[in-house]
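This is what each chain is made of:
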Amino acid sequence: SGSVRHVFVVGTPATTGSEAEYAAVLDAEASGGGINFTFLRTGGAELVSCRDYTFERGVLADSGALGVRSSTLTEGYRRMAGYEDGDWMGLLLAAEEMEGDDDDDDDNGVGAVAREDLAALVVQSILSLDWSKSRVLELRCAPGGLPDAVQRGVRAYDPGVKKPRMTKPVRTDREWCVKSSVLAEKLMGIE
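Here is a short report on the structure shown in this document. As the structure is a computational prediction, the values presented were derived from the model and not from experiment. (Residues numbered from 1 in each chain as written. Predicted model: local features only at pLDDT ≥ 70, side-chain atom pairs only at ≥ 80, totals over all residues. Heavy atoms only, no water.)

**Points about the packing of helix H3 (residues 115-128) against helix H5 (residues 180-187)**
The contact between H3 and H5 brings their axes to 9 Å, and the two run at 60 degrees. When the axis of H3 is compared with that of H5, the two are oblique. Crossing hand, H3 versus H5: right-handed. Here Asp117, Ala120, Leu121, Gln124, Ser125 and Ser128 of H3 lie close against H5, whose contacting residues are Ser180, Leu183, Ala184 and Leu187. Considered class by class, the residues forming the contact of H3 with H5 number 5 nonpolar, 4 polar and 1 charged. (Axes fitted to C-alpha atoms, helices over the stretch in contact; angles between N-to-C directions. Helix = DSSP H or I, 4+ residues; strand = E, 2+ residues; numbered from the N terminus. Parallel < 35°, antiparallel > 145°, perpendicular 65-115°, else oblique. Left-handed = near helix turned anticlockwise from the far one by under 90°. Contact = heavy atoms within 4.5 Å. Nonpolar A, V, L, I, M, F, W, Y, C, P; charged D, E, K, R; others polar.)

Pasting the structure below:
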């Protein structure tokens, strides 16, 4: 572990089904050097890319469409009787299955998530969260929460896609990423 204090792991739809294996590896690493982690996932939601993403566009999803679910692991969770490496993921997945896809009262449902928004959540998590805790974060986006061009996978300048008119220049000197404050607000209160 050396000087590594915290690890950020991103689960994608391609890793759905093998998340328990990743959880076991994270626990095994934690046992040696006490490395805490943040496991970010999309809960199996489709990841889409904005083909003409720019920094000025910033976080793509509408602020009301984004949601972040979190589960922070308790101190000493690995010392519980009968605990085996990675058990926390099995418990999390079982709880999600019992709750259903959207039982957190945020009305977000499960829509496609922009890769750029997931990357922004990684950076905002590094900036905002306590590195001495281990946790799981799930980024959710309501169906229809992404701009149409992103959902269809086309460039904003393609025929048939109306390009948004800028009313005033975007100020990029206030946040590390335009509209990153949306994610910072979603992370408030997470241990």
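**Here we look at the packing of aromatic side chains**
To describe a pair of aromatic rings, you give the distance between the ring centres and the angle between the ring planes. Summed over all chains, the structure comprises 3 aromatic pairs. What links up through ring pairs into an aromatic cluster is the set Phe37, Phe39 and Trp88. (Phe/Tyr/Trp six-rings, centres within 6.5 Å; stacked < 30°, edge-to-face > 60°.)

**With respect to the sheet that holds strand E1 (residues 6-10)**
Across the sheet, 4 strands lie side by side as E1-E2-E6-E4; this open sheet has mixed pairing. Looking at strand neighbours, the two that pair on one side only are E1 and strand E4 (66-72), the edges of this open sheet. Put simply, the sheet's adjacent strands are angled 15 degrees from each other on average, direction ignored. Sheet topology places E1 next to strand E2 (residues 36-41); 5 bridges connect them, and they run parallel. For His6, the partnering residue across the bridge sits in E2 and is Asn36. Sitting on the sheet, H5 touches E4 and strand E6 (135-141), and the angle it makes with E4 is about 35 degrees. (Pairing = 2+ DSSP bridges.)

**Notes on the environment of Glu191**
Take Glu191: it is sitting in the segment after H5. The spatial distance from the C-alpha of Glu191 to the C-alpha of Ser71 is 8.8 Å, given a sequence separation of 120 residues. Glu191 has contacts with Thr72, Lys133 and Arg135, leaving out every residue within four places of it along the chain.

**Description of the environment of Glu175**
Tracing the backbone shows Glu175 in the loop between helix H4 (148-152) and H5. Glu175 gets classed as partly exposed once you look at its relative accessible area, which sits at 28%. Glu175 sits 117 residues away from Gly58 along the chain, and the two C-alpha atoms are 9.9 Å apart. Sequence-distant contacts of Glu175, that is, excluding residues within four places in its chain, are made with Ser180 and Ser181. A distance of 3.3 Å separates a polar atom in the side chain of Glu175 from the backbone nitrogen of Ser180. (Buried < 20%, exposed > 50% of the residue type's maximum accessible area, 1.4 Å probe, protein only. Polar contact = N/O pair within 3.5 Å; in protein donor to acceptor, adjacent residues only side chain to side chain.)

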